[in-house]
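So you can see what is in the structure, the chains are spelled out below.
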Amino acid sequence: MTAAPARGSGTDAADDDASGPVTAVEADAGPDAHHHLDHTWQEARQLAFDCASPIPATPASLRRALGRTLAADVTALQDIPHYASSAMDGWAVNGGGPWILAEAHQRLAPHQASPIATGGLIPAGAKAVLRSESGTIAADEDGLPILRTGGSAKPGEPRNGDHIRKAAQEATAGEPLISAGTVLNPAHLALAALAGHDTVPVLGKAVVRLVLTGSEVVASGLPGPGEVRDTFGPQLAAVVRLLGGICTEEVKIGDSYAEWLAALEDTEPGGAGGRPAGPDGGSAEDVDNLPADVVITTGGTGVSGTDHLRRAVAELGGRLLIDGIAMRPGHPAVLAELPDGRFIVGLPGNPLAAMMALSTIGAPLLAALGHSARPPVVEVPCGATLEAEPGRTRLMPFRLLYGMASPARHTGPGMMRGLAAADGVLVVPPHGVQLGSLVPAIALPWGAPIPDAGAAAAKAQATPKKPARKPPADSGPVDWSALLD
Ligand SMILES: Nc1nc2c(c(=O)[nH]1)N[C@H]1C(S)=C(S)[C@@H](COP(=O)(O)OP(=O)(O)OC[C@H]3O[C@@H](n4cnc5c(N)ncnc54)[C@H](O)[C@@H]3O)O[C@H]1N2
Ligand code: MOO
């Protein structure tokens, strides 16, 4: 097998050596075929990663910072706690009892006490807090109220310092609390608030705008003949989020060129009929007002009179970085860059084709913009023999059965059933795969990582072992795919 002449650095070994020669192939022949060479699957993936630089760090409000990666250490802006406070409801006291009651917050002289609530500021002069259940208010001989220990008070209570939370107990001003590189969880956000921060610096992520096209597409109910239910609205924003982008807006347009051009021209956040796309949209804070870094379109990548993507990109002065990938499904996928720096990811309209195109070029692009490594390609033992299909890589959703990858059923370009049940996607090289041999695979954005049998085998080879007992003659791999429903 030939190693890939990678465009740029960081090519996965699994990409190269398991997927055959990486030479560009002729686009499908036919009256409307494009007169250019398609990129191979490997080239497209690498190019989509290499074309983008990480988006600079930005301040994010605490509510928006969950799951983001901290770009710089968070330090305490002042002592935490920044004042001594009471840990109990009761009285702040100075010295031993009985105590004369003073006004709250007033400096306490010896044998004076004043009422205090949990969290209340310890007044000057106070040495301890007496819990409310350990004290009683009585009248002295002159009928004035005095505080005495009683109730559940233990002997010697209160000792100096009892129930006082000292200032700086948790941290002193300037102390680092959360390290750069941490992926922020809810407790980190609470700690940052405690430390006095309103925002935290986070690594940049791509802001993504979705443009869903097609006048036949209906968003709810049962579609009539010639209509289709929208499969992108319910999933795309979520998948973009799983791939490391922030989906701020979703725009639906019909099939006219004017609508296409307007949708791609529009850089106004929240402009032209857009609506917030799921949980990342909504109430205005940081990201909602940022222009998109990436526009993902669906449909219109084909060659019919209503397929306007390439023309709109050209009219806007953009350039096509990828115009067709030698893969199936998802072949007509497009990656373009506009003069203002926005990337356009053109996904085919067929639902499975779109998701395969998104995995191929959208995932590495969003990873590069979002400071992440390129999603890995691993190797799994193939549970079926897959014939050669010269000139194109096939992306096949698979189920793992007894550790072997069996291609799922219902995986036509317009289907979602196979992907919905899948454990990952096989990247079948043009020369096919023999039953039992290793085949490259990628994980699903929402799925568990796939155990890398290739890496495990390489490790086992590197570690000399006792000779294994000879396997029985009939112990070859079994094609389990008949078990798939
Ligand atoms: N003469 C040729 N025709 C086609 C070719 C070709 O090479 N020559 N390629 C085929 C392939 S492969 C694909 S993929 C599609 C690409 O189509 P488009 O990107 O132009 O998408 P549309 O034509 O708009 O739609 C295709 C298909 O997808 C349905 N669709 C669109 N949006 C949605 C949605 N939101 N939810 C569900 N389904 C959607 C649409 O109704 C069509 O059925 O072109 C082939 N044709
Ligand atoms: O590439 Mo189309 O992507 O077969 O459906």
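Quick caveat: nothing in here was measured; it's all calculated off a predicted structure.

The rules we used
- Residues numbered from 1 in each chain as written.
- Chains lettered and ligands numbered in written order.
- Predicted model: local features only at pLDDT ≥ 70, side-chain atom pairs only at ≥ 80, totals over all residues.
- Heavy atoms only, no water.
- Core = buried A, V, L, I, M, F, W, Y, C linked by side-chain atoms within 4.5 Å.
- Buried < 20%, exposed > 50% of the residue type's maximum accessible area, 1.4 Å probe, protein only.
- Helix = DSSP H or I, 4+ residues; strand = E, 2+ residues; numbered from the N terminus.
- Contact = heavy atoms within 4.5 Å.
- Near = heavy atom within 4 Å.
- Polar contact = N/O pair within 3.5 Å; in protein donor to acceptor, adjacent residues only side chain to side chain.
- Nonpolar A, V, L, I, M, F, W, Y, C, P; charged D, E, K, R; others polar.
- Pairing = 2+ DSSP bridges.
- Axes fitted to C-alpha atoms, helices over the stretch in contact; angles between N-to-C directions.

1. Considering the nonpolar core
Here is a general trend for soluble globular proteins: nonpolar side chains tend to be buried in one another's company. Counting 50 residues, the largest nonpolar core has Val208, Leu210, Leu236, Val294, Ile296, Leu335 and Ile361 as its most contacted members. The set of elements that each furnish at least two residues to this core consists of α2 (41-50), β15 (206-213), α4 (236-242), β19 (294-298), β20 (319-323), β23 (343-347), α7 (351-369) and β27 (424-428). When residues of this core are assigned to their parent elements, the largest contribution, 13 residues, is made by α7. If we ignore the near neighbours within four places in the chain, the residues touching Ile361 are Ala44, Ala48, Ile322, Ile325, Ala333, Val334, Leu335 and Val345. Counting residues in hydrophobic clusters, the runner-up holds 17 residues, among them Val211, Val251, Tyr257 and Leu264.

2. What to know about the site of ligand 2
Around ligand 2, the structure places Pro329, Gly330, His331, Pro332, Asn350, Ala353 and Pro413. In this structure, Gly330 approaches ligand 2 through a main-chain N or O atom, which is 2.4 Å from an oxygen atom. In the environment of ligand 2, an oxygen atom lies 2.9 Å from a nitrogen or oxygen atom belonging to the backbone of His331. When grouped by side-chain class, the residues that make up the shell around ligand 2 number four nonpolar, three polar and no charged.

3. Focus on the site of ligand 1
In the vicinity of ligand 1 lie 19 residues, with Glu216, Asp230, Thr301, Gly302 and Gly349 positioned nearest. Between an oxygen atom of ligand 1 and a side-chain N or O atom of Thr301, the distance comes to 2.5 Å. A distance of 3.2 Å separates an oxygen atom of ligand 1 from a polar atom in the backbone of Asn350.

4. Section: the sheet that holds strand β22 (residues 334-337)
The six strands lie next to each other as β18-β15-β19-β23-β22-β20, forming an open sheet whose pairing is mixed. The open sheet has two free edges, formed respectively by β18 (245-253) and β20, since each of these has just one partner strand. Pairwise comparison of adjacent strand axes, ignoring direction, gives a mean angle of 20° for this sheet. As paired elements, β19 and β23 share five bridges and run parallel to each other. Residue pairing in the sheet places Thr297 in a bridge with Gly346 of β23.

5. Things to note about unusual backbone geometry
Omega for the bond connecting Ile80 with Pro81 falls within 30 degrees of zero, at -10°, which places this linkage in the cis form. Examined against the element boundaries, Pro81 turns out to sit in the loop between β4 (74-75) and β5 (85-86). For the bond from Glu157 to Pro158, the omega torsion is -5°, close enough to zero to count as cis. Residue position: Pro158 is located in the loop between β11 (145-149) and β12 (164-165). A positive phi angle, close to 65°, is found at His371, a residue other than glycine. Here His371 shows up in the loop between α7 and β24 (378-381).

6. What to know about the sheet that holds strand β6 (residues 90-93)
Strand pairing in a sheet takes place through backbone hydrogen bonds and is either antiparallel or parallel in direction. With respect to topology, six strands assemble into an open sheet ordered β9-β6-β8-β7-β11-β10, the strand pairing being mixed. Each edge of the open sheet carries a strand with a single partner, namely β9 (128-131) and β10 (135-139). Averaged over all neighbouring strand pairs, the angle between strand axes comes to 40°, with direction disregarded. Where β10 meets β11, five bridges bridge the pair, whose relative direction is antiparallel.

This is a description of form; function is not addressed.
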